[in-house]
2 protein chains.
Amino acid sequence: MERDRTRIGVIGLGNMGSAHAGYLARGEVPGAVLAAVADCAEARLGWAREQLGEGVRTYGSAQELFDSGEVDAVLIATPHYAHPDEAQAAFRAGLHVLIEKPAGVYTKQVRQMNEAAAASGLVFAIMYNQRMNPLYRKMRELIADGELGELRRINWIITDWYRSQSYYDSGGWRATWAGEGGGVLMNQSPHNLDLFQWITGLMPSRIRAFCGFGKHRSIEVENDVTAYAEYENGATGVFIASTCDAPGTNRLEISGERGKLVAEDGKLTFWRLRESEPEFNRTYQGGFGAPEAWRIDIPLAAGDPQHHRAVTRGWVDAIRTGAPLAAPGEEGIRGLELCNAMLLSAWTDGWVELPVDEERYVKALQERIAASSSRKDPEAAGVPLEGKGTP
Amino acid sequence: MERDRTRIGVIGLGNMGSAHAGYLARGEVPGAVLAAVADCAEARLGWAREQLGEGVRTYGSAQELFDSGEVDAVLIATPHYAHPDEAQAAFRAGLHVLIEKPAGVYTKQVRQMNEAAAASGLVFAIMYNQRMNPLYRKMRELIADGELGELRRINWIITDWYRSQSYYDSGGWRATWAGEGGGVLMNQSPHNLDLFQWITGLMPSRIRAFCGFGKHRSIEVENDVTAYAEYENGATGVFIASTCDAPGTNRLEISGERGKLVAEDGKLTFWRLRESEPEFNRTYQGGFGAPEAWRIDIPLAAGDPQHHRAVTRGWVDAIRTGAPLAAPGEEGIRGLELCNAMLLSAWTDGWVELPVDEERYVKALQERIAASSSRKDPEAAGVPLEGKGTP
């Protein structure tokens, strides 16, 4: 194996892991080479031997791969619960880590992973590929530059995560508390939860959320969520996610003292106030008037539509050159914190302050696992699915 | 005074009442004639004598007008609290009634008004002029015809009710618990609260709401509201209203088993599923697929842009010919019920079941009136305002 390229191992060859292994094997990440893969299913390793080329070693467990000495860095694409333990084992083996989202299922395990990452000095990233999307990057840039002034309202209707019963039935672990630890918040919308805080630069101070569990579907986890958030600066937010709306909506509106941004249908519109609202309000004497607003179509940069590859490239660059990461692994805890707060609020029918009480959350989750009436076999292998998964 | 036309009295000559008196005096309501007006302010009666013509009698109180024998019907456009008492006094005098919105400030007084209306046998209407808007009429028609199937989600961001501090300062009664009994829910968005239930044909079973009181403004009532609603059929709703967003948004999205309607920028778009979602879900086996949806621009009828006049015309028609009302007065309690439930939920920081406990609401409102620190003089006369008020 050549040593002038960073040798990558991929852990888990499900929908996402096999895609990562594919573009790495095709040499689409400069400076990196796919050196090895690991999966507990022999059938998937057989696929790897056939499809990924002879130079790629195969291992029946993550630990064997970590211990092999054949890789410098690992991309972990196993089920959510496993990410923190496997990442920590990789750090112990001296390996750089890129984990798939979500960072984990509860913040306690993710905090421990983050502490291990910090102690290791290794490069730790998370597959928040939507941070590479020019639309969301531009929103973040405009807000960070002060174009909206102080933020006042954040409203995301992100209900275009349609999943049929056949999707849920395609794998025994799917949509169970024991298997995935959550539903639409844990599986489909972790990117949106990350962007909700990454674009705005704000974490809520408290959350009140309402969840439908198994709504219009035979599953036990949440698949319909309406969450209300309050922020320290007085702003409020609403986050609505669902897997049973057809067709769903993806509309993100963020308003502040100086105007309003709306992202919908892949377009970004900015209503810019000539004079900030507080200044107008302070000086205007006429009664019914309102600040003058200009409607602006914001130009968006062409971006690499292969966001996953772009994250992997950035991670490899960080390993090789020390370039900063677009999505440091330690930041995965933020979206998960929002997810945990929303579920805990729905379970307890009350407010949840942030940061979430991590012990309370683990206890509440374990109660749901213990009480689960899911008759699915969590060991059952998944079946191949048509179409695409979480982008 | 000629008797072949219905003789109308207008009670209250503020912003709305003077507008109603104006089009009635100009003969813009067939079959009706403006016979009299009443207002407690002599200056406004002077305006009436100058502007409305010599045939229009003027009275210093509503009761004098009711007792005059000069009118057959009255349009009541006084402050909100007065609507139910004045309507009941009018019914006792044998007069048909059209009240401005809201029907009143709390449901107990409005229920009593409704009972008096029913007992009187007179024609009772409410100025829900937005029910004449072709956009909202079409949404209601499509839903009533079953085009969406069973409803699942209702989401209205109706934040384009900007009001500056100068608006609030323009009248001593404005934005006080004693003077108006509420803020954006009571003054600016009663039409939206009515349409929220009229378009869908659904009242929520319970509501959880979050209000900012005096947010970015020196007032004591709510001017920023996020409300979550649950319905008996499992549907959920979100209603967001504000007077401090600039520019605000008016976007109403309603989705159901057969598709989605979105009203924004005066346009109505229907995403129609070829096969209903429940049927697709029952039969589809492919995993990630979703029902095929067709995007349709719904044509809207040209309507009378003078919605107020249209409501008054319909009321006069109902008096003269027995034609059905677009907005029966008795239905005013529904939007008020939503308003009261939202305020009570915010005050008590908890769920409110519908119908609202009317005694509990009155008590909670009285506590706020008693605790009011408003330094405004509630007797102070208003000043004329630029621009337009609630459409």
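Not measured: the values here are computed from a predicted model.

Focus on the overall build of chain A
Thought 1: Tallying secondary structure elements over chain A gives 13 helices and 15 strands in all.
Thought 2: On C-alpha atoms alone, chain A measures out to a radius of gyration of 22 Å, which is about the 21 Å that the 2.2 N^0.38 rule sets for 391 residues.
Thought 3: Across the 391 residues in chain A, those meeting the buried criterion constitute 60%.
Thought 4: The contacts of chain A with a sequence gap of at least 6 include a subset with a gap of at least 24, amounting to 70%.
Thought 5: Looking at chain A as shown, the accessible area adds up to about 15000 Å², and 47% of this sits on carbon and sulfur atoms.
Thought 6: When the 41 positive and 52 negative side-chain charges of chain A are each reduced to one mean point, those points stand 3 Å apart.

Considerations on the UniProt feature "domain: GFO/IDH/MocA-like oxidoreductase" (unreviewed entry) in chain A
Thought 1: Listed under "domain: GFO/IDH/MocA-like oxidoreductase" (unreviewed entry) in the UniProt record, and renumbered for this structure, are residues 136–261 of chain A.
Thought 2: Structurally, residues 136–261 of chain A comprises 21% helix and 33% strand, and the distance from its first C-alpha atom to its last is 11 Å.

As for the sheet that holds strand β2 (residues 32–38) of chain A
Residue and element names in this part refer to chain A.
Thought 1: Strand order in this open sheet of six strands is β3-β2-β1-β4-β5-β6, and the pairing throughout is parallel. Strand pairing shows two members of the sheet lacking a second neighbour, β3 (57–59) and β6 (124–126), which therefore form its edges. Between one strand axis and the next, the sheet turns through 25° on average, direction left out of account.
Thought 2: Along the sheet, helix α2 (residues 42–51) contacts β2 and β3; its crossing angle with β3, the most-contacted strand, is approximately 175°.

Some words on the interface of chain A and chain B
Thought 1: Taken together, the 59 residues of chain A in the interface contact 59 residues of chain B.
Thought 2: Summing both partners gives a buried area of about 4800 Å² for chain A against chain B, and 51% of it is carried by carbon and sulfur.
Thought 3: For the salt bridge of A:E277 with B:R217, the shortest nitrogen-to-oxygen distance reads 2.7 Å.
Thought 4: Counting across the chain A and chain B interface gives 34 residue pairs in polar contact (both at pLDDT 80 or more).
Thought 5: A per-class count over the side of chain A that touches chain B returns 20 nonpolar, 23 polar and 16 charged.

Digging into the relation of the copies chain A and chain B
Thought 1: With an axial shift of 0.0 Å and an RMSD of 0.0 Å, the rotation relating chain A to chain B amounts to 180°. Accordingly, the operation relating the two chain copies is best matched by a two-fold axis.

With respect to the pairing of strand β10 (residues 236–242) of chain B
Residues and elements named next belong to chain B.
Thought 1: Most of β10 sits inside the fold, with seven of its seven residues counted as buried.
Thought 2: In β10, alternate side chains face the same way, and those of T236, V238, I240 and S242 on one face and G237, F239 and A241 on the other are all buried.
Thought 3: Note: strand β7 (residues 151–158) against β10, six bridges, orientation parallel. The residue bridging N155 from the neighbouring strand is V238, located in β10.
Thought 4: Sheet analysis places strand β9 (residues 222–230) next to β10, joined by seven bridges and oriented antiparallel. Paired with V225 across the bridge in β10 is A241.
Thought 5: Adjacent in sequence and paired antiparallel, β9 and β10 are bridged by five residues, among which G234 carries a positive phi angle near 95°.

Looking at the sheet that holds strand β2 (residues 32–38) of chain B
All names here are of chain B.
Thought 1: Across the sheet, six strands lie side by side as β3-β2-β1-β4-β5-β6; this open sheet has parallel pairing. Strand pairing shows two members of the sheet lacking a second neighbour, β3 (57–59) and β6 (124–126), which therefore form its edges. Each adjacent strand pair in this sheet contributes to an overall mean axis angle of 25°, direction not counted.
Thought 2: Note that β2 and β3 share three bridges and pair parallel. Counted as the bridge partner of A36 is R57 from β3.
Thought 3: In the packing of helix α2 (residues 42–51) onto the sheet, the strands contacted are β2 and β3, and the crossing angle to β3 comes to about 175°.
Thought 4: Packing of helix α11 (residues 307–321) onto the sheet brings it into contact with β1 (6–11), β2, β4 (73–76), β5 (96–99) and β6, and relative to β5 it is tilted by some 165°.

Considerations on the nonpolar core
All names here are of chain B.
Thought 1: Counting 90 residues, the largest nonpolar core has V74, F239 and M342 as the members making the most contacts within it.
Thought 2: It is helix α12 (residues 332–348) that provides the largest number of residues to this core, a total of 10 residues.
Thought 3: When residues of this core are assigned to domains, at least three fall in each of domain 1 (6–130 + 306–328) and domain 2 (131–299 + 334–381).
Thought 4: Every residue in contact with M342, bar those within four places of it in the chain, is listed here: L185, L193, I207, A209, C211, V225, A227 and F239.

A few points about the environment of A:G55
Residue and element names in this part refer to chain A.
Thought 1: By secondary structure assignment, the location of G55 is in the loop between α2 and β3.
Thought 2: On the basis of relative accessibility, which here comes to 46%, the residue G55 falls in the partly exposed class.
Thought 3: Along the chain, G55 and L34 lie 21 residues apart, while their C-alpha atoms are 8.4 Å from each other.

Let's talk about the domain arrangement of chain A
Residues and elements named next belong to chain A.
Thought 1: By domain assignment, chain A separates into domain 1 (6–130 + 306–328) and domain 2 (131–299 + 334–381).
Thought 2: Placing the centre of domain 1 and that of domain 2 at their C-alpha centroids yields a distance of 27 Å.
Thought 3: Linking domain 1 with domain 2 are two salt bridges, by the criterion used here.
Thought 4: Our count for the contact surface shared by domain 1 and domain 2 stands at 14 residue pairs in polar contact (both at pLDDT 80 or more).
Thought 5: Listing elements by their share of the side of domain 1 that touches domain 2, those giving two or more residues are α5 (107–120) and α11 (307–321).
Thought 6: In terms of residue count, α5 provides more of the side of domain 1 that touches domain 2 than any other element does, four residues in total.

Remarks on unusual backbone geometry
Thought 1: For the bond running from B:K101 to B:P102, omega is -10°, close enough to zero to count as cis.
Thought 2: Within the secondary structure layout, B:P102 lies in the loop between β5 and α5 (107–120).
Thought 3: The phi dihedral of A:D349 is positive, around 55°, even though this residue is not glycine.
Thought 4: If you trace the backbone, A:D349 turns up in the loop between α12 (332–348) and β15 (352–353).
Thought 5: Judged by relative accessible area, which is 41%, A:D349 ranks as partly exposed.
Thought 6: In this structure, B:A175 takes a positive phi of about 55° despite not being glycine.
Thought 7: Looking at the secondary structure, you find B:A175 in the loop between α7 (165–168) and α8 (184–188).

Here's the deal with the packing of helix α4 (residues 83–92) of chain A against α5(A)
All names here are of chain A.
Thought 1: Orientation of α4 relative to α5, taken along the N-to-C sense of each, is 15°, at an axis distance of 9 Å. It follows from the interaxial angle that α4 and α5 lie roughly parallel. In this structure, the crossing between α4 and α5 has a hand that is left-handed. Touching H83, P84, A87, Q88 and F91 of α4 are Q109, V110, Q112, M113, A116, A117 and S120, all from α5.
Thought 2: Residues that form the contact of α4 with α5 fall into these classes: seven nonpolar, five polar and no charged.

Parameters at a glance
- Residues numbered from 1 in each chain as written.
- Chains lettered and ligands numbered in written order.
- Predicted model: local features only at pLDDT ≥ 70, side-chain atom pairs only at ≥ 80, totals over all residues.
- Heavy atoms only, no water.
- Helix = DSSP H or I, 4+ residues; strand = E, 2+ residues; numbered from the N terminus.
- Rg over C-alpha atoms; globule rule 2.2 N^0.38 Å.
- Buried < 20%, exposed > 50% of the residue type's maximum accessible area, 1.4 Å probe, protein only.
- Contact = heavy atoms within 4.5 Å.
- Areas by Shrake-Rupley, 256 points an atom, 1.4 Å probe, with all protein chains shown as cover.
- Lys, Arg positive; Asp, Glu negative; His and termini not counted.
- Charge placed at Lys NZ, Arg CZ, Asp CG, Glu CD.
- UniProt positions renumbered as here; feature names shortened; annotations may be inferred.
- Pairing = 2+ DSSP bridges.
- Axes fitted to C-alpha atoms, helices over the stretch in contact; angles between N-to-C directions.
- Buried area = accessible area lost by both parts, 1.4 Å probe.
- Salt bridge = Lys/Arg side-chain N within 4 Å of Asp/Glu carboxyl O.
- Polar contact = N/O pair within 3.5 Å; in protein donor to acceptor, adjacent residues only side chain to side chain.
- Nonpolar A, V, L, I, M, F, W, Y, C, P; charged D, E, K, R; others polar.
- Least-squares fit on C-alpha atoms with pLDDT ≥ 70 in both.
- Core = buried A, V, L, I, M, F, W, Y, C linked by side-chain atoms within 4.5 Å.
- Domains from an automatic or database assignment.
- Parallel < 35°, antiparallel > 145°, perpendicular 65-115°, else oblique.
- Left-handed = near helix turned anticlockwise from the far one by under 90°.

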